[in-house]
Amino acid sequence: MSSFKQKIVVVGGGITGLTAAYTIQKKSRHEKLDLDITLVESSHRLGGKIQTAQKEGFVIEKGPDSFLERKESMARLIKEVGLADRLVPNSTGQSFILMNDKLHPMPGGAIMGIPTQIKPFMTTDLVSMTGKLRAGADFVLPRSKERGDQSLGGFFRRRLGNEVVENLIEPLLSGIYAGDIDQLSLMSTFPQFHKMEQDHRSLISGIKKTNPSAAQPKKQLGPTRKKSLFLTLTSGLQSLIDTLEEHLDQTSILKGVKVESIEENAQGPHRYSLKMNSGETLEADSIIFSVPHFVASSIFQKQHILTEFKDVPATSVATVAMAFPQEAVTGVPDGTGFVVSRNSDYTITACTWTHNKWPHTTPEGKVLLRCYVGRSGDEAVVDLADDQIEEIVLNDLNNIMGVSAKPDFTIVTRWKKAMPQYTVGHKQRLAKVRAELESNFPGVYLAGGSYDGIGLPDCIDQGESAAAKAIIHLMKGHKS
Ligand SMILES: Cc1cc2nc3c(=O)[nH]c(=O)nc-3n(C[C@H](O)[C@H](O)[C@H](O)COP(=O)(O)OP(=O)(O)OC[C@H]3O[C@@H](n4cnc5c(N)ncnc54)[C@H](O)[C@@H]3O)c2cc1C
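1. Concerning the packing of helix α5 (residues 152-160) against helix α8 (residues 191-200)
Then, number 1: Taken N-terminus to C-terminus, the directions of α5 and α8 make an angle of 35°; their axes are 11 Å apart at the nearest point. Crossing handedness for the pair α5 and α8: left-handed. Contacts between α5 and α8 pair Phe-155, Phe-156, Arg-158 and Arg-159 from the former with Phe-193, His-194 and Glu-197 from the latter.
Then, number 2: In terms of residue class, the contact of α5 with α8 is made up of three nonpolar, one polar and three charged.

2. Observations concerning the domain arrangement of the protein
Then, number 1: What the domain assignment reports for the protein is domain 1 (6-48 + 239-312 + 423-475), domain 2 (52-69 + 87-92 + 315-420) and domain 3 (106-221).
Then, number 2: The distance between the C-alpha centroids of domain 1 and domain 3 comes to 37 Å.
Then, number 3: The interface of domain 1 with domain 3 comprises seven residues on the first partner and 10 residues on the second.
Then, number 4: At the boundary of domain 1 with domain 3, total buried surface from both sides reaches about 600 Å², with 66% on carbon and sulfur atoms.
Then, number 5: Among the residues of domain 1 in contact with domain 3, Thr-423, Val-424 and Ile-454 are the three that bury the most area, contributing 64% of the side total.
Then, number 6: Our count for the domain 1 to domain 3 interface comes out at zero salt bridges.
Then, number 7: Seen at the junction of domain 1 and domain 3, the total is two residue pairs in polar contact (both at pLDDT 80 or more).
Then, number 8: Per-class residue counts for the side of domain 1 that touches domain 3 are two nonpolar, four polar and one charged.

3. Considerations on the site of the ligand
Then, number 1: Around the ligand sit 32 residues in total, of which Thr-16, Glu-41, Ser-66, Ile-454 and Leu-456 are the nearest.
Then, number 2: Note that an oxygen atom of the ligand is positioned 2.7 Å from one of the side-chain N or O atoms of Thr-16.
Then, number 3: Looking at the shell around the ligand, the elements that each hand over two or more residues are α1 (15-30), β2 (35-41), β19 (409-420) and α17 (456-475).
Then, number 4: In terms of residues, the shell around the ligand owes the most to one element, β19, which gives three residues.
Then, number 5: In terms of residue class, the shell around the ligand is built from 15 nonpolar, 13 polar and four charged.
Then, number 6: Split by domain, the shell around the ligand shows at least three residues from each of two domains, domain 1 (6-48 + 239-312 + 423-475) and domain 2 (52-69 + 87-92 + 315-420).

4. Quick notes on the sheet that holds strand β10 (residues 251-255)
Then, number 1: Strand order in the open sheet formed by five strands is β10-β2-β1-β14-β20, with parallel pairing between adjacent strands. This sheet does not close on itself; its edge strands, each paired only once, are β10 and β20 (444-446). On average, each strand axis in the sheet is tilted by 15° relative to the strand beside it, whichever way the strands run.
Then, number 2: Inspection of the sheet shows strand β1 (residues 6-11) paired to strand β14 (residues 286-289) by four bridges, in the parallel sense. Within β14, the residue paired with Val-9 across the bridge is Ile-287.

5. So, the packing of aromatic side chains
Any aromatic ring pair is given by two values, namely how distant the centres are and how the planes are angled relative to each other.
Then, number 1: With the rule as written, the count across this model stands at 12 aromatic pairs.
Then, number 2: For the pair Phe-289 and Phe-300, a centre-to-centre distance of 5.4 Å together with 75° between the ring planes defines the contact as edge-to-face. Highlighted residues: Phe-289 in strand β14 and Phe-300 in the loop between α13 (293-299) and β15 (314-325), separated in sequence by 11 residues.
Then, number 3: By relative accessible area, Phe-289 is classed as buried at 0%.

6. A short note on the environment of Val-10
Then, number 1: With respect to the element layout, Val-10 can be found in strand β1.
Then, number 2: By relative accessible area, Val-10 is classed as buried at 0%.
Then, number 3: Once residues within four sequence positions are removed from consideration, Val-10 is found in contact with Gly-17, Ala-20, Ala-21, Ile-24, Thr-38, Leu-39, Val-40, Ile-288 and Ser-290.

Cut-offs used in this document
Residues numbered from 1 in each chain as written. Predicted model: local features only at pLDDT ≥ 70, side-chain atom pairs only at ≥ 80, totals over all residues. Heavy atoms only, no water. Axes fitted to C-alpha atoms, helices over the stretch in contact; angles between N-to-C directions. Helix = DSSP H or I, 4+ residues; strand = E, 2+ residues; numbered from the N terminus. Left-handed = near helix turned anticlockwise from the far one by under 90°. Contact = heavy atoms within 4.5 Å. Nonpolar A, V, L, I, M, F, W, Y, C, P; charged D, E, K, R; others polar. Domains from an automatic or database assignment. Buried area = accessible area lost by both parts, 1.4 Å probe. Salt bridge = Lys/Arg side-chain N within 4 Å of Asp/Glu carboxyl O. Polar contact = N/O pair within 3.5 Å; in protein donor to acceptor, adjacent residues only side chain to side chain. Near = heavy atom within 4 Å. Pairing = 2+ DSSP bridges. Phe/Tyr/Trp six-rings, centres within 6.5 Å; stacked < 30°, edge-to-face > 60°. Buried < 20%, exposed > 50% of the residue type's maximum accessible area, 1.4 Å probe, protein only.

Take a look at the structure:
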């Protein structure tokens, strides 16, 4: 039976959808709106990619492990729901790049792999003298005349040369997007670098002028005074999900139910009908889709819109957390972890020495290593059995750091098609899709990791913004 109360449905119970539902409920209460709010999640748990395991005193993040502090929305939300006392910054330390079978310290002052200080760059073994001289061309090369989008790889190769890109920049960026930097969009990932080139011509000079820490040589900063950049929760990021769920006391939460398609509702008072795999339909006046782009595209298949998203790739990765007794792992250098250059013959793409970077996660006398496997063009490993993945990772760790002991336990978590690739033209595609939605499906919004930023704070911003738009739409009484 349908009621005339305005209905709003959030599809997808990851951090974006939960934030959207929480924001709608909060505004609805504050402004005394009479809304019927529903959150639909296809799996039997909320949180999407956020998932924490607690085992034998360890706090193990299976997906994201932290978030950038400078993007403020996540810490704000955490404080608002009462978890401020659990916020913890990362411990800082040396990070490394694995190249030619050797761990090389990340040169001091490198920002996203871009060198900004002469001495550490000139003394690193990561780049040959020819490569270093080529990077220096950045000081004299003209600005790009490119007005549209371009690939991240193309942009950095032009400014700094192939060697710096392959041995410094690519391993770091690939750690964030698990992607191919020659396909990724500059304007959708790091538009600030495009702006720097336009404003300062030289990328290195631009970074030095706009980032005060880059201007200081490492000696002055001192390793112990390096500023932490990330925050997490001592109880695990899952505790934010659980707390948000507890706050959603005026939202109907449907778990284990998948939205399959959308129809315009010609008869009833509510504008849209969502068809679910349970056979039921859900009516709505406004909908926020916080699902991956390929899911959104399949929901609108019948309407032939969002088709641009069908071919946008999403990479599969797996995280492999391994717990050891301290005495079994003596070769781990002092530091926070390493990323692996594509020129190296290893399967792991990165490894965090979690016990060092996040000491609260690991009991005294233990070591926690968290490795990644899978990246664009190299994803088959994700489909192997757990014990096969464990063996491959252990073999890599043995070759890199002499870790020959068997772990006390290993947790392998597969993330299939989990890293959306913002390929060149992403912004234009998104604008086109949003325009299609606005004219054909007013009151329907897209938000989340596939769209305007993959970082957790970006997802929170998107959830809040979509919630605000949906409420404005409902208040305007957009009903046919
Ligand atoms: C391994 C890994 C590590 C990461 N590390 C970090 C990190 O350290 N820091 C950081 O900031 N970011 C990190 N990210 C990125 C970040 O985790 C994601 O961008 C973010 O969690 C996406 O949230 P979301 O709510 O948009 O999507 P999701 O978390 O994917 O949520 C979407 C939800 O929709 C549900 N769903 C799908 N289809 C349907 C349907 N048809 N009907 C109903 N529900 C449906 C899914 O089950 C899921 O719960 C990482 C990502 C991965 C995969």
